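# Structure assessment
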Amino acid sequence: MQRTGAIFREQWFFLLLVEAALAIVTGLMNPRFFGLNNIENILEQVSVLGLVAAGATLLMISGNFDISVGANIGISACVMAILMKAGYGYVPSVIVGILLATFNAFFVGASSILFKAPSFIISLACIGIFRGIALAFTKGVLQLIYGKFEFLGTKRFFNIIPLLFVISIAGYLIIHFILKYMKLGRRAFAIGSNVQASYLAGIPINLNKLVFFIINGLLVGTAATLLLSRIGAAQPSTGSGIELQAIGAVVIGGTPMTGGRGKIIGTFFGVLLTGIISNALNMLQVNPYFQDVAIGALIIVSLAVSAFSQRGQRA
Amino acid sequence: MLASIRNATKIYGQHKALNNVSFELAEGEVHCLVGENGAGKSTLTKILSGAITPESGSIVINGAEYKGLTPRQAIELGVSTVYQEAELIESLTVADNIFLGDERRARFPLVVDARLQNAEARDLIRSLHLNLREDVVVESLSAAQKQMLQIVKAFYRDAKIIIMDEPTSSLGLEETNSLMGLIRDLKGKGIGIIYISHYLEEIFEIGDTITILKDGESMGTVPIGQIDMDTVIHKMVGRDASLFYTKEEMTPGPVQVELRHLGRHGVVEDVSFEVREGEIFGIGGLVGSGRSELLSLIFGADRRDSGEILIGGRPVRVRSPHDAVAAGICLITEDRKKLAMFAPRSVTENIAIVHNERYEPPVLNLARERRRVRGMVERLSIAVTDQDTQTISELSGGNQQKAVIGRWLLSDARLYIFDEPTKGVDVGARSEIFRLMVELAKAGKSIIMVSSDMPELISMSDRIGVMREGRLTHVLDRHGITEEKLIKYFIGV
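Residues numbered from 1 in each chain as written. Chains lettered and ligands numbered in written order. Predicted model: local features only at pLDDT ≥ 70, side-chain atom pairs only at ≥ 80, totals over all residues.

Now for the overall build of chain B. The helix and strand tally for chain B stands at 17 helices and 20 strands. Here the C-alpha atoms of chain B give a radius of gyration of 25 Å, agreeing with the 23 Å that 2.2 N^0.38 yields for 493 residues. With the C-alpha coordinates of chain B rotated into their principal frame, the extents come out at 75 × 55 × 45 Å. Split into buried and exposed, the 493 residues of chain B put 45% on the buried side. Put simply, 69% of the contacts in chain B that link residues at least 6 apart link residues at least 24 apart. (Helix = DSSP H or I, 4+ residues; strand = E, 2+ residues; numbered from the N terminus. Rg over C-alpha atoms; globule rule 2.2 N^0.38 Å. Buried ≥ 20, exposed ≤ 12 C-beta atoms within 10 Å, placed from the backbone. Contact = placed C-beta atoms within 7 Å.)

Below is the structure:
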C-alpha cells in the first residue's frame with residue numbers, strides 16, 4: 001500500500017474522469033453544453049438532490065435509511081407555500097417548514113427505535129402518512145406562490161454561481177465536517193460497521209441514531225425550501241422519487257448499502273454525475289424516458305466497480 | 001467394526017489439532033471421547049463426518065477405506081452428528097422435521113401427505129420409547145426434546161453412527177436421564193455412538209469404551225470397567241511446564257472492586273467476590289457454567305436482577321456498557337470480530353474510539369488523536385504499516401487483539417475484564433498479552449479474567465473463582481492448585 005496510489009483507489013476519482021469524458025463528448029456533439037447558461041442549469045438541478053444525498057450519506061454510513069424524504073419534502077413545501085399564500089413572511093414560513101421536516105425525520109427515527117424495526121420499513125410506511133396528510137390539507141390543489149419567494153432560486157453570485165448551489169455545497173461541507181472531524185461522525189461509522197461492538201464500546205446507539213435522523217431532517221427541510229423557491233409552487237407529490245435518486249447517487253459515490261464506510265466527496269460526484277447525464281441526454285435529444293434507464297444502469301455499473309475493486313483489495 | 005480412523009493427523013497452521021490418533025467404533029458401542037477444550041475431540045469426530053479432511057491417516061467405514069470423505073458421503077454411509085444447537089426448522093412440526101427433504105407424497109403432485117407422515121412419525125417415536133408428540137411445532141419443544149428429535153431424525157435416516165457433542169450441556173437431570181434411556185435403545189439396535197461430554201459421571205454411566213485426548217494426542221483407549229475417574233482426569237490434564245507462564249509475584253493492594261449478590265434469573269445466581277488493586281482474579285468453569293454471562297452483568301451489557309457493584313468503596317450505577325465505561329469498567333470481549341472490531345475502519349479509529357467517547361469534546365483534534373494512537377501502537381508493538389489508512393481487518397489475529405486491548409488501555413479504567421484474552425492468538429502475541437496484563441496489575445488496576453485455557457488460568461490468576469451452574473462455587477488460591485484439582489471443581493466431583 002503506497003500513498004501515491006491512494007487517489008486511484010478512490011471512487012470519486014473515477015467519477016471525475018467519467019464526468020470529464022462525458023462532458024467532452026457531449027460538448028463536441030452539442031457546443032451549447034459548455035454554455036454558461038447550461039452549466040448554471042446543471043448546478044441548479046443538482047443542488048436540491050445534493051442536500052438530500054448529503055443527509056442520506058450520513059444515514060447510510062450509520063446503517064440507516066430514510067426513504068420518506070421525498071414525501072417529507074412534499075408536505076414541508078406545501079406547508080411553507082400555504083403559509084406564504086396566507087400572507088406570512090418567508091422567514092417564519094421557512095422556519096416552520098424546516099421544523100416540520102425535521103420533526104418528520106425525527107418521527108421516522110424514533111419509531112424505528114421504539115418498535116425495533118429497520119428504518120427502511122418505517123420510512124416506507126411514512127411515505128404514505130406524509131403524502132396522505134399533505135393531500136388532505138391541500139385537497140390535492142397546487143399551491144402557487146409565483147413571484148412571492150423566488151430570490152433563493154434566482155440569486156446568482158457574480159451573476160454566475162447560483163445561490164442554490166452554494167447552499168448545497170454548505171450541506172456537503174457540514175456533513176463532511178461531521179464525518180471527518182467530529183465524534184458524531186466516528187459514531188456513525190462505528191454504528192454502521194458494528195452495532196454490537198459500538199454498544200459495548202459505550203456508545204449510546206439510540207440517541208445517536210436520533211441525532212442522525214434530525215440532521216437529515218434539517219437538510220431535507222432546506223432542500224424543500226430550495227425546491228419551493230425554484231419551482232414557485234408546491235403540491236403533495238413535490239419531491240417524490242428524490243429519495244431513490246439520492247440513495248442511487250450515494251451508492252454511485254462509493255458508500256455501500258451495508259454502512260460503516262463512505263465519503264461525502266463520493267456523494268458529491270455521484271450527484272453531479274446523475275445531473276450531467278440527464279443534462280447530456282437532454283442536450284443530445286435522447287428520449288427523456290431513457291434518462292431513468294441510464295441512471296439505473298449507472299447504479300449497477302458503480303456497484304460492479306466497487307465489487308471488483310474490493311475483491312482486488314482482498315487479494 | 002463399524003468405523004475406524006487410523007493414525008489421523010490434522011494441522012491448522014502451525015498447530016497440530018490431532019497428532020497420529022487412532023480410533024475404533026463397533027456396532028452397539030458407546031465410545032466416549034474426553035479431554036479439555038481444544039484437546040481434539042471435535043476435530044476427531046469431524047473427520048468421521050467428512051467436515052474436515054486429515055493431512056494423513058485413513059478412514060474405514062463399513063470395511064471400505066476412504067481418503068477424502070465428503071459430508072455427503074458420510075451422511076450416505078450413515079454417519080450423523082447431533083449438535084448442541086439443534087439444526088431443526090422451528091416453524092415446522094416434529095413430523096415435518098423428521099421427513100424434511102424426504103416428504104411422503106400425497107396423490108396430487110407437490111402435496112405432502114401430512115396424515116401419513118404423522119402416523120409414521122408416531123410409530124417411530126413410540127419404537128424409541130420417547131415422550132414426544134409428532135404434531136407439535138418444534139419451537140414449542142424444550143432443549144432436550146429438540147435434541148431427542150434430532151436423534152430420531154438421524155435414526156429414521158438409517159444412521160449407523162451417531163455423534164453426540166456435549167448433548168447434555170443444556171439439559172436438566174431428568175432430561176439427561178431420558179436421553180440416557182434413548183442411547184441404550186439405540187445401542188440395542190446396533191447403532192454405534194460417539195459420545196463427547198465434560199460430565200464424567202455420565203460417561204461412566206453410559207459408556208462402553210473411553211478414549212482420552214490431550215493436546216491433540218490420544219492418551220489411550222480403555223474399556224470403562226478398567227479405569228476410574230481419577231485416572232481419567234489425570235490423563236486429561238498434566239502437561240509440560242513450558243505451557244505455563246511464570247508470572248512475577250506481586251502483592252495486591254487494598255480492595256478496589258466489590259461485587260455483591262449479582263444475579264440474573266436462570267443464568268447467574270448470587271455471585272459475590274472482591275478484587276484488589278493489582279490483583280488478577282481468574283474465573284474458570286465449563287462451557288455453559290455462566291462465566292461469560294457473569295461478565296455481561298458486571299459490564300451492564302445484560303441487565304442484572306439483583307446485586308450491586310462497588311468501585312473504590314462507592315456503589316456505581318451500571319445499567320449499560322455506557323455506564324460501565326463511565327464508571328471505569330472495561331470488557332475485552334471473547335469474540336473480537338463480532339463484538340469488538342469495526343472491521344472497515346482504520347486502526348486509528350478502532351483504537352481511539354473509547355477514549356474519544358469518554359474524554360474528547362464533540363470536535364476531535366485529529367493530530368492529538370494520531371499521536372495518542374501512535375503511542376499505543378508502539379507500546380503494544382502492533383504491526384501496522386499506516387495506522388490511518390490500514391483497516392483493522394487487514395491486521396493479523398494477534399495484532400487485532402492487541403489493537404482492541406489498546407482501545408481500552410487508552411480509556412484508563414480501574415477494572416479490566418478479559419474474556420478469553422488469548423483465544424485465536426498465536427504464541428508470540430499470547431505472551432505479550434500476558435505481559436500487558438501484568439503491567440496493568442502493577443499499575444494498580446483490578447483484573448477479572450475468564451479463561452477456558454487451564455495453564456493460562458492457573459499461571460495468570462492470583463485467585464481462581466470456579467463457576468458451576470451459574471454459581472460461584474469456590475474461590476481458590478493459586479498456590480498449590482493443579483489442573484487436576486481444578487477440573488474436579490469444574491465438574492463438581
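This paragraph deals with the overall build of chain A. The secondary structure content of chain A amounts to 13 helices and 4 strands. Taking 2.2 N^0.38 as the reference for a compact globule, 315 residues should give roughly 20 Å; the C-alpha atoms of chain A span a radius of gyration of 20 Å, in line with that estimate. Taken over the C-alpha atoms alone, chain A extends approximately 65 × 55 × 35 Å along its principal axes. The burial tally for chain A puts 47% of its 315 residues in the buried class. Put simply, 79% of the contacts in chain A that link residues at least 6 apart link residues at least 24 apart.

The next thing to look at is the interface of chain B and chain A. Facing the 27 residues of chain B at the interface are 20 residues of chain A. The set of elements that each furnish at least two residues to the side of chain B that touches chain A consists of helix H10 (321–326), helix H11 (336–339) and helix H12 (347–359) of chain B. At 5 residues, the largest contribution of residues to the side of chain B that touches chain A is made by H12(B). Of the residues in the side of chain B that touches chain A, the class split is 16 nonpolar, 5 polar and 6 charged. (Nonpolar A, V, L, I, M, F, W, Y, C, P; charged D, E, K, R; others polar.)

This part covers the sheet that holds strand S15 (residues 314–316) of chain B. Residue and element names in this part refer to chain B. Taken together, 4 strands build an open sheet; the order of strands is S12-S11-S14-S15 and the sheet is antiparallel. In the strand order of this sheet, the two ends are held by strand S12 (268–276) and S15, each with one partner. For this sheet, the mean inter-axis angle between neighbouring strands, taken without regard to orientation, is 25°. As paired elements, strand S14 (residues 306–311) and S15 share 3 bridges and run antiparallel to each other. Bridge assignment links Ile 309 to a residue of S15, and that residue is Val 316. Packed onto the sheet, helix H9 (residues 291–299) meets strand S11 (255–264), S12 and S14 and runs at close to 115° relative to S11. (Pairing = 2+ DSSP bridges. Axes fitted to C-alpha atoms, helices over the stretch in contact; angles between N-to-C directions.)

Among the 9 residues in H9(B), 7 count as buried, and that is most of the element. B:Gly300 occupies a position one or two residues after H9(B) and carries a positive phi of about 80°.

By size, the foremost hydrophobic cluster in this structure holds 214 residues, and its most contacted members are A:Val52, A:Ala223, A:Ala246, B:Ile162, B:Ile329, B:Ile417 and B:Ile447. In terms of residue count, the dominant contributor to this core is helix H2 (residues 36–61) of chain A (14 residues). Beyond its immediate chain neighbours, meaning those up to four positions away, B:Ile417 contacts B:Leu295, B:Ile298, B:Phe299, B:Ile329, B:Cys330, B:Leu331, B:Ile332 and B:Ile448. (Core = buried A, V, L, I, M, F, W, Y, C linked by C-beta atoms within 7 Å.)

This next bit is on the pairing of strand S10 (residues 217–223) of chain B. Sheet topology places strand S9 (residues 209–214) of chain B next to S10(B); 5 bridges connect them, and they run antiparallel. Looking at the pairing, B:Ile210 lines up with B:Val222 of S10(B).

This part covers the sheet that holds strand S17 (residues 415–419) of chain B. Residues and elements named next belong to chain B. Pairing is mixed in the open sheet, where 6 strands are placed in the order S16-S17-S18-S13-S19-S20. Unpaired on one side and paired on the other, strand S16 (329–332) and strand S20 (471–477) mark the two borders of the sheet. Along the sheet, successive strands turn relative to each other by an average axial angle of 20°, direction set aside. Where strand S13 (residues 280–284) and strand S19 (residues 463–468) come together, 4 bridges link them in parallel fashion. The residue bridging Phe 281 from the neighbouring strand is Arg 463, located in S19.

Looking now at the environment of A:Met257. Residue and element names in this part refer to chain A. You can see Met 257 is positioned in the loop between helix H11 (242–252) and helix H12 (264–283). Note on Met 257: 12 C-beta atoms within 10 Å, which makes it exposed. For the pair Met 257 and Thr 57, spaced 200 residues apart in sequence, the C-alpha to C-alpha distance is 10.0 Å. With residues near it in sequence (within four places) discarded, Met 257 still touches Met 60 and Val 251.

All names here are of chain A. In contact at an axis separation of 8 Å, H2 and H12 are set at 140° when each is read in the N-to-C sense. Classified by the interaxial angle, the pair formed by H2 and H12 is oblique. Of the two possible hands of crossing, H2 and H12 adopt the one that is right-handed. Contact with H2, carried on its side by Asn 38, Ile 42, Gln 45, Val 46, Leu 49, Gly 50, Ala 53, Ala 54 and Thr 57, involves Ile 264, Thr 267, Val 271, Leu 272, Gly 275, Ile 276 and Asn 279 of H12 and no other residues of that element. For the contact of H2 with H12, the per-class residue count stands at 9 nonpolar, 7 polar and no charged. (Parallel < 35°, antiparallel > 145°, perpendicular 65-115°, else oblique. Left-handed = near helix turned anticlockwise from the far one by under 90°.)

On average, residues of chain B carry a pLDDT of 87, and 96% of them reach 70 or more. Here the predicted complex carries an ipTM of 0.87, next to a pTM of 0.78. (pLDDT = per-residue confidence, 0-100.)

Within a regular beta strand, the side chains point alternately toward one face of the sheet and then the other, so they alternate between its two faces. Across the 6 residues of S9(B), 5 count as buried, placing the element largely inside the fold. Turn length for the S9(B)-S10(B) hairpin, with the two strands adjacent in sequence and antiparallel, is 2 residues, and the turn residue B:Asp215 shows positive phi of about 50°.

Each turn of an α-helix holds 3.6 residues, which means side chains three or four residues apart point in the same direction. In terms of burial, helix H8 (residues 183–193) of chain A is largely enclosed, as 9 of its 11 residues are buried. Taken together, the buried positions of H8(A) are A:Gly185, A:Arg186, A:Arg187, A:Ala188, A:Phe189, A:Ala190, A:Ile191, A:Gly192 and A:Ser193. The inward-facing, buried residues of H8(A) contact H2, helix H7 (163–181), helix H9 (195–200) and helix H10 (205–231) of chain A together with H12 of chain B.

Moving on: unusual backbone geometry. Residue and element names in this part refer to chain B. You will see that Asp 158, though not glycine, has its phi angle at about 60°, which is positive. If you trace the backbone, Asp 158 turns up in the loop between helix H5 (143–156) and strand S7 (161–165). Asp 158 gets classed as exposed once you count the C-beta atoms within 10 Å, which come to 12. Unlike most non-glycine residues, Asp 215 shows phi in positive territory, near 50°. By the C-beta count within 10 Å, which is 18 here, Asp 215 ends up partly exposed.

Residue and element names in this part refer to chain A. You can see Ser 62 is positioned in the loop between H2 and helix H3 (69–85). A residue is classified by how many C-beta atoms lie within 10 Å of it, and Ser 62, with 28 of them, is buried. Residues Ser 62 and Gly 217, spaced 155 residues apart in sequence, show a C-alpha to C-alpha distance of 15 Å.

This next bit is on the packing of helix H4 (residues 90–114) of chain A against H10(A). Helix-helix packing: each pair is described by the crossing angle between the helix axes and the interaxial distance. Residues and elements named next belong to chain A. Running from N to C, H4 and H10 point in directions that differ by 145°, and their axes come no closer than 7 Å. Crossing angle aside, the handedness with which H4 passes H10 is right-handed. Class assignment of the residues belonging to the contact of H4 with H10 gives a composition of 14 nonpolar, 10 polar and 1 charged.

Within the element layout of this structure, B:Val21 appears in strand S2 (residues 15–25). Among residues more than four places away in sequence, those in contact with B:Val21 are B:Ala8, B:Gly40, B:Leu44, B:Glu217 and B:Ser218.

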